[in-house]
Amino acid sequence: MSYDGVSTRAVMRSVAFLTAGALAVPLLTGCAGDDETPRPLAGQQTGAAGRDLVADGGTLRWAVDAVPDTFNTFQSDADATTTRVAQAVLPSMYRLDANGRPERDADYLESAKVVETEPQQVVLYRLNQQAVWSDGREIGAADFAAQWRALSGKDSAYWTARNAGYDRIEKVERGANDLEVRVTFSRPYADWQSLFSPLYPKDVMGTPDAFNDGARRRLKVTAGVFALTAVDRKADEIRLTRNARWWGRPAKLSEIRLTAVPRAKRSAALAAGAVDLADIDPADVGRLAEARQGTGGPLAGAGSGRTTVKSLRTAMAEASAAAKAESDEYEEEGADRKARAAKKLRKAIAGWEKQQHNLQGFEVRRSLEPAYTQLAMNGESGPLADERVRRAVARALDRTELASAVLKPLGLPVAPVGSHLALSGQDAYADGSGALGGQDTAEAQALLADAGWVAGGPVVEKKPGEKGAGPQRAAEPDGGDDGTYIVGEDDKAPSRKASSAGKAPSGDASARAQDGKQYAKQGGAPGAYAPKGTPAPGGAAGPLAKDGKALTLRFVVPSGPGSESLRTVAERISGMLAKVGIRTDVTKVPDESYFKDHVASGQYDLALYSWPTSAFPATDARPIYSKPVPAADGSLNVEQNYTRVGTDQVDQLFDQAISTLDADESRSLIRKADSRIWAAAGSIPLYQRPQLTAARKNLANAGAFGFQTPVFEDMGFLKKGARVSASPTP
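Residues numbered from 1 in each chain as written. Predicted model: local features only at pLDDT ≥ 70, side-chain atom pairs only at ≥ 80, totals over all residues. Heavy atoms only, no water.

J.: Even after reading the chapter, I still don't get the overall build of the protein chain, so can you show me in this structure?
T.: Check the secondary structure of the protein chain and you find 19 helices and 24 strands. By residue count, 55% of the 730 residues in the protein chain fall in the buried class. (Helix = DSSP H or I, 4+ residues; strand = E, 2+ residues; numbered from the N terminus. Buried < 20%, exposed > 50% of the residue type's maximum accessible area, 1.4 Å probe, protein only.)

As structure tokens, then:
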């Protein structure tokens, strides 16, 4: 999970994201019968070029978020760079295509299929006879067996983050010859194609010590297009070089250097010519566009690009400050001081112009990430423990407007996400939002009225030091601006600073994780509409109140420079909620504490963050939406369900989907589960996240990959005179 600017896929498949019959309500199942899967909303942009146009040799300098703490993707502290390295240096039986669907990797696997279903499911893998580890040993059943034992969950000495799927295997054995591997399952497993990707050598998986520590700092034995040659943690750099034993199409590049560059410094690294490829934020797109157009220079007029002018002004300000400091040190006065300042400014402008020239060698390649941003509602306590209030929040939102605010300025297709479990292009995708309903102000107000929140009711002011109901904010340092303001309070502008308002008292524990069955008899999706006859207020005539408490929701957003789009979306959501009488207490918190100290700990009412989608939602999505259960110590075990909203029906549908070997039936069950998740209204998918990658214009087959697993052997720099496929200008 992540908020914008933070990588997603590695988190999904690591620590927390390890990962019944027909439903009674027709509207919840209607979309599941549509077998026509739409195409991805945006294709990938990688500067596609045939291998014959790509030169042999060269080093690709690729910016990443960090040098990882571990190279074992099955450990809890694995990150996006862990995954990127594994994709380049380790076998995977299956990879993802441009539609986010699994496809066999022929470099490792000649075939794989279910050969028996009774009395048990058996999958037979036939390996590529040329596939070998970098030490010369054949990839075989011993490696499969070692990985199964390590990840089965039966031996607690292995510090694994997840064992989904591997816990369903009964045995792994050699087939008719060394190239065959038979995997027998104790229980049917629909997502068997998710297993053994990546595959580690038995040297890493064979013992707990090797698993826990052997692959944290290095990978001595690999079997990919590239090998992990060096890890320089002081220089924050990883070197990947061609695998001398590689049997497939040879890599075009001689070397890939993964260099840790913080997001806030990516633009500067590109301008300095330090990297060739980097994912960037929307703010950086403007500077590249202006460099290409030649705007924003020292003599440019009013039409100059704002981003570029800002970078120039920053450079000049830094130069002036440095000149002043040096003049003060040397006790210079008058003409000497002016001369030093002028020299510094000339040098700064020359350096800035060189950076602009460097940026003209890049273009922005755009797609949509295999991840979506959602509005999460904490249903554990407070007003949002009542499903009617959650649904009212959802019905107040214009999701198309929110998607447009983020995607339209970037030239990306605008469409709200219609599923929690898949994205357009993936097999399981179907728009299930009809189970909840679209934007409807009157319906939102009627739901709030039915829940007892009425306009003009008495509001009891809190006594000094008294805490309101619901999640509480940690104390702020005296005198500090906590970034808090309340939207919808007394019709004041959202710039007003205020303290946290009281929230409605939490409902009875039975109100948590409701599934909407109490409304099923009224027709339509359960709980998506207010009970028949509930009057819809004509408008929000002041704050809504109940039991003397105003309806105010604490909206937590990150404050960092890479989260501008989230803050924009939060402001628009607050405005939409104000129209139905819901006030929002918007609190900006540091990026480093946003998720751990607020979302994961439940200290929020509303929050924005992203989830990646998986080709295997029955496995990977279940921990996100499973119903929280009380732990032995009295706490609530939420796994990754940070909204604390779940239902027995959703859990049952996931269980059924993962246990059937009929692909059509499994897909139908996943779509039904998604409709139930919509109806519960714990989280509202908003838009697919933009993927923006700055790439050198002569770099081929790398950039905004979209769903697809990168094809490392085809990456490289164009031969002189060759051109990549057309990409839009930044």
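What follows picks up the thread again.
J.: Please clarify how empty space enclosed by the protein should be interpreted in this entry.
T.: To find leftover empty space, one rolls a probe the size of a water molecule over the atoms. If you add up the space inside the largest cavity, you get close to 70 Å³. For the lining of the largest cavity, the class distribution of residues is five nonpolar, five polar and no charged. (1 Å grid on protein atoms, 1.4 Å probe; cavity = no way out; pocket = protein on both sides within 12 Å on 5 of 7 lines; lining within 4 Å. Points joined across faces, edges and corners; volume = space filled by probe spheres on them. Nonpolar A, V, L, I, M, F, W, Y, C, P; charged D, E, K, R; others polar.)

J.: Can you walk me through the packing of aromatic side chains in this structure?
T.: Aromatic ring pairs are reported here in terms of the distance separating the ring centres and the angle at which the planes meet. Following the criterion strictly, the structure yields 19 aromatic pairs and no others. Plain terms: the ring middles of Tyr158 and Phe211 are 5.6 Å apart, the flat faces sit at 75 degrees to each other, and that makes the pair edge-to-face. Here Tyr158, found in the loop between helix H4 (141-151) and strand S6 (169-174), pairs with Phe211, found in helix H6 (residues 208-214); they are 53 residues apart in sequence, far enough to count as distant. Exposure class is identical for Tyr158 and Phe211. Each is buried. Pairwise contacts between aromatic rings join Phe74, Tyr94, Tyr125, Phe144, Tyr166, Trp192, Phe196 and Tyr200 into one cluster. (Phe/Tyr/Trp six-rings, centres within 6.5 Å; stacked < 30°, edge-to-face > 60°.)

J.: For this particular structure, what's the right way to read helix H15 (residues 591-599)?
T.: An α-helical turn contains 3.6 residues, so any two residues separated by three or four positions project in the same direction. Taken as a whole, H15 has its buried residues at Ser593, Tyr594, Phe595, His598 and Val599. Tucked inside the fold, the buried residues of H15 contact strand S17 (552-558), strand S18 (583-589) and strand S19 (606-612). (Contact = heavy atoms within 4.5 Å.)

J.: How should I be thinking about the sheet that holds strand S16 (residues 549-550) in this particular structure?
T.: Think of a sheet as strands paired side by side through backbone hydrogen bonds, with each pair either parallel or antiparallel. Taken together, the three strands give an open sheet; going across it, the order is S13-S15-S16, and neighbouring strands pair in antiparallel fashion. The two strands at the open ends of the sheet, each matched to only one other strand, are strand S13 (454-455) and S16. Direction of pairing for strand S15 (residues 544-546) relative to S16: antiparallel, over a ladder of two bridges. Of the residues in S16, the one forming a bridge with Ala545 is Ala550. (Pairing = 2+ DSSP bridges.)

J.: When you look at the pattern of salt bridges in this model, what are you seeing that I'm missing?
T.: A side chain with one charge can pair with a side chain of the opposite charge if their charged atoms come near. Summed over the entire model, instances satisfying the criterion amount to 31 salt bridges. For Asp65, the salt bridge is made with Arg266, and the minimal N-O distance between the two is 2.8 Å. Of this pair, Asp65 sits in the loop between strand S1 (59-64) and helix H3 (80-89) while Arg266 sits in helix H7 (residues 266-271); the two residues are 201 residues apart in sequence, bridging distant segments of the chain. Taking relative accessible area as the criterion, Asp65 reaches 36% and is therefore assigned partly exposed. Accessibility expressed as a relative area gives 2% for Arg266, which makes it buried. Note that Asp714 and Arg249 form a salt bridge whose closest N and O atoms lie 3.2 Å from each other. Placement of the pair is Asp714 in the loop between strand S23 (699-700) and strand S24 (716-717) and Arg249 in the loop between strand S9 (237-242) and strand S10 (255-260), with a sequence separation of 465 residues. One salt-bridge network, in which partners are shared between bridges, spans Arg51, Arg249, Glu713 and Asp714. (Salt bridge = Lys/Arg side-chain N within 4 Å of Asp/Glu carboxyl O.)

J.: Before we go on, may I ask you to explain the packing of helix H18 (residues 648-659) against helix H19 (residues 663-680) in this structure?
T.: Two measures define how a pair of helices packs: the angle their axes make with one another and the distance between the axes. For the pair H18 and H19, the least separation of the axes is 9 Å and the interaxial angle reads 165 degrees. With respect to H19, the axis of H18 lies roughly antiparallel. As for the relative orientation of H18 and H19, their crossing is left-handed in sense. Together, Gln649, Val650, Leu653, Phe654, Gln656 and Ala657 of H18 and Ser666, Leu669, Ile670, Lys672, Ala673, Arg676 and Ile677 of H19 make up the contact between the two elements. Residue composition of the contact of H18 with H19, by class: eight nonpolar, three polar and two charged. (Axes fitted to C-alpha atoms, helices over the stretch in contact; angles between N-to-C directions. Parallel < 35°, antiparallel > 145°, perpendicular 65-115°, else oblique. Left-handed = near helix turned anticlockwise from the far one by under 90°.)

J.: Is there a simple way to think about the sheet that holds strand S5 (residues 122-127) in this case?
T.: Strand order in the open sheet made by the four strands is S4-S5-S7-S6, with antiparallel pairing throughout. Two strands lie at the open edges of the sheet, namely strand S4 (109-116) and S6, each paired on one side alone. Going across the sheet, the axis of each strand differs from the next one's by a mean of 15 degrees, ignoring polarity. Those strands touched by H4 are S5, S6 and strand S7 (180-185), and its axis lies near 160 degrees from that of S6.

J.: For this particular structure, what's the right way to read the confidence of the model for the protein chain?
T.: Atomic detail in the predicted coordinates should be set aside for any region of low pLDDT. Residues of the protein chain with pLDDT of at least 70 account for 75%, and the chain-wide mean is 83. Long-range and interchain partners of residues 296-304, a stretch whose pLDDT sits below 50, account for 14 contacts in this model, where long-range means more than four residues apart. Contacts for the low-pLDDT stretch residues 490-530, under 50 throughout, to residues beyond four places or in other chains number 118 contacts. (pLDDT = per-residue confidence, 0-100.)

J.: So what exactly am I meant to see when it comes to the environment of Arg239 here?
T.: Locating Arg239 in the fold gives a position in strand S9. In this structure, the C-alpha to C-alpha distance between Arg239 and Leu228, residues 11 residues apart in sequence, is 6.4 Å. Ignoring sequence-local partners within four residues, the contact set of Arg239 consists of Ala227, Leu228, Thr229, Ala230, Glu255, Ile256 and Arg257. Side-chain polar atoms of Arg239 contact the side chain of Glu255, separated by 2.6 Å. (Polar contact = N/O pair within 3.5 Å; in protein donor to acceptor, adjacent residues only side chain to side chain.)

J.: Teacher, can you tell me more about the pairing of S10 here?
T.: Consecutive side chains along a regular strand alternate between the two faces of the sheet. Within S10, five of the six residues are buried, which leaves it mostly tucked inside the rest of the structure. Here six bridges tie S1 to S10, and the two strands are oriented parallel to one another. Residue pairing for S10: Thr59 is matched across the bridge by Glu255. Across five bridges, the pairing between S9 and S10 is antiparallel. Looking across to S10, one finds that Arg239 is bridged to Arg257.

J.: Which parts of the structure should I look at to understand the pairing of S17?
T.: Counting buried positions along S17 yields seven of seven residues, so the element is predominantly enclosed. Residue alternation in S17 divides its side chains into two sets, Thr552, Arg554, Val556 and Pro558 and Leu553, Phe555 and Val557, and both sets are buried. When S17 meets S18, the two strands line up parallel, connected through seven bridges. Across the sheet, the residue bridging to Val556 is Thr587, located in S18. Between S17 and its parallel partner S18, the chain crosses via helix H14 (residues 564-578), and the hand of that crossover is right-handed. One ladder, built from two bridges, connects S17 with S19; its direction is parallel. Looking at the pairing, Phe555 lines up with Leu606 of S19. (Right-handed = clockwise from strand over helix to strand, strands pointing away.)

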